[in-house]
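Descriptive analysis of the structure
Chain by chain, the residues run as shown.
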Amino acid sequence: MIRSLYSKFLVLTLGIMFFSAMLAFLIVNTFYHQQLKTKNDEKNTEIAETIADYMEANPTLSLTEFLQKEAALGYKIVFANAEHDLQFFGDDFREDNLSEAAIDNVLKGKIYHGMREFPKETFVTGFFSDETANTVGVPVVIDDNNYALFIRPNIKLLFTEVHYLLGGMFVSMAIISLIAMVFVARKLVQPLTELTKATKKIGQEQFSVELPTGRGDEIGELATSFEKMAAQLQQSDKMKKQFISDVSHDFQTPLQNIQGYAHLLQEADLQETERQNYATIIQSETERLSGLTKQLLLLTSLDTLTDNVAKRSFSLQEQIKEAIQKHQWQMMEKNITLTADVDDITMLGHPDFIEKIWENLLSNALKYTESDGSIDISLKETNEAIIFTIKDTGIGIDASHLPHLFERFYRADSARHADIEGTGLGLSIVEQVVALHDGSIDVISKLGKGTTFTITFLKM
Ligand code: ADP
């Protein structure tokens, strides 16, 4: 099998050239056999008859001299008398295969059509076949003596300079186009070689590739999309690395704490209150790690969710009520007033993921709202959309943080609220679930006053 595109192109072009030549030859051949052969025979018969007429009209003519002159004009001539003695004029025939019967027939007054009857098997080359059988024969009667005159054109003499020039032109055209093809093929394949190199580089995580994007053809287009793909790969590679570094960092801190307090627990002269204290810290740190792992797993399952996973109909009201129920104790603890105006609405989607929206938004509202604050939840349906809002009177978010809020691990003002636990993953989960259900999400927030999240699912 031919591997390289370059050699494929060459072999293919050569093949095409060869087959088109063969086909052209076949077409010319058919044309020759069906049309030209007969015409050629007729034409030569006419000429032979003119010569015969002239000989008959001038019986005193020196036959040898006359026929020699005729031959010099571009013919090969066989002249037979009644005894079948043959005289040849002009250049020698390659083969003398004229049958006695043919000579007999002409002597009896018939015309011999050797050219027209020349075997069909021989290709167009029959035209060039230099045999005495490939002639036309006419009877000649001089002074009551019967003769037979056979002629055919002397191809060699008929071939003029123009024929050689044309032949030369075809041969040089073939050679020049062959050489040009070799170069064109190389030029065509070169950018592909560059693309291959670039692919290898990207495979080794070197994303800065330079490709022939300026070309206006398909290869230029391919190079452009290739560069775009390289840029996207670089971006996602960067994100992946950042993600790993963030995850490692978020795991590192609690693990160090656990290690440290476990170490302290091993000390001999430890008071009961201290021991309790350290154990509580270790427990809360493991809880934090467990929560973080759950969120990461959720993000991964969101990333890998495919269209094959069937959506189903479920009640949003039920889910929201359940979420409120779960956080009841927190509300009581912080004395937060909650109002919920939630209509009975069903939705088609992935309930296990949708429920994370209410959970995350409600737990954020509770986390970032100080004691005695209030939270208002509403779920409404219009002709076009399902709209959920959650409004709190909490600490609010500075405008500068809003554009980054949904990024993974992003925590606004984490230094100022170091006491508030969080991973920075909640809102990115919310955003991803909303996007998965073709929804949109809006935030309005005022620092120190409160925040409102609105989620809109457009109905199809
Ligand atoms: P976290 O685990 O830190 O809460 P999220 O992704 O849920 O992570 O939220 C990202 C950041 O957005 C939070 O760190 C917080 O600064 C800000 N934020 C989210 N919800 C609220 C809210 N209701 N009020 C004030 N700030 C909020």
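Residues numbered from 1 in each chain as written. Predicted model: local features only at pLDDT ≥ 70, side-chain atom pairs only at ≥ 80, totals over all residues. Heavy atoms only, no water.

Moving on: the environment of Glu 285. Along the chain, the position of Glu 285 falls in helix H7 (residues 272-303). Considered as a pair, Glu 285 and Asp 130 are 155 residues apart in the sequence and their alpha carbons are 107 Å apart. Excluding residues that lie within four positions of it along the chain, Glu 285 makes contacts with Thr 253, Pro 254, Asn 257 and Ile 258. (Helix = DSSP H or I, 4+ residues; strand = E, 2+ residues; numbered from the N terminus. Contact = heavy atoms within 4.5 Å.)

Time to look at the sheet that holds strand S1 (residues 75-81). Across the sheet, 5 strands lie side by side as S2-S1-S5-S4-S3; this open sheet has antiparallel pairing. Each edge of the open sheet carries a strand with a single partner, namely strand S2 (86-89) and strand S3 (112-113). Strand contacts of helix H1 (residues 5-57): S1, S3, strand S4 (136-142) and strand S5 (145-153), with the helix running at about 15° to S4, the strand carrying the most contacts. Strand contacts of helix H2 (residues 63-72): S1, S2, S4 and S5, with the helix running at about 155° to S1, the strand carrying the most contacts. (Pairing = 2+ DSSP bridges. Axes fitted to C-alpha atoms, helices over the stretch in contact; angles between N-to-C directions.)

Our next topic: the domain arrangement of the chain. As assigned here, the chain comprises domain 1 (2-158), domain 2 (163-237) and domain 3 (308-458). Taking the mean C-alpha position of each, domain 1 and domain 3 sit 101 Å from one another. (Domains from an automatic or database assignment.)

Moving on to the packing of H7 against helix H11 (residues 426-436). Axis separation between H7 and H11 bottoms out at 10 Å; the angle between their running directions is 25°. As far as their axial angle goes, H11 and H7 are roughly parallel. In terms of crossing hand, the pair formed by H7 and H11 is left-handed. On H11, the residues touching Gln 295, Leu 298, Leu 299, Leu 302 and Asp 303 of H7 are Gly 426, Ser 428, Ile 429, Gln 432, Val 433 and Leu 436. Each residue belonging to the contact of H7 with H11 can be placed in one class, and the counts come to 6 nonpolar, 4 polar and 1 charged. (Parallel < 35°, antiparallel > 145°, perpendicular 65-115°, else oblique. Left-handed = near helix turned anticlockwise from the far one by under 90°. Nonpolar A, V, L, I, M, F, W, Y, C, P; charged D, E, K, R; others polar.)

Okay, unusual backbone geometry next. The phi dihedral of Glu 205 falls on the positive side, at around 65°, and the residue is not glycine. By secondary structure assignment, the location of Glu 205 is in the loop between helix H5 (161-203) and helix H6 (218-265). Classification of Glu 205 as partly exposed rests on a relative accessible area of 44%. (Buried < 20%, exposed > 50% of the residue type's maximum accessible area, 1.4 Å probe, protein only.)

Buried residues of helix H3 (residues 100-107): Ala 102, Ile 103, Val 106 and Leu 107, and no others. Projected onto a plane normal to the axis of H3, the buried residues spread over an arc of 135° and lie on a single side. Looking at the packing, one finds that the buried side of H3 touches S1, S2, S3, S4 and S5. At the exit of H3 stands Gly 109, carrying a positive phi of roughly 110°. (Arc of directions from axis to C-beta.)

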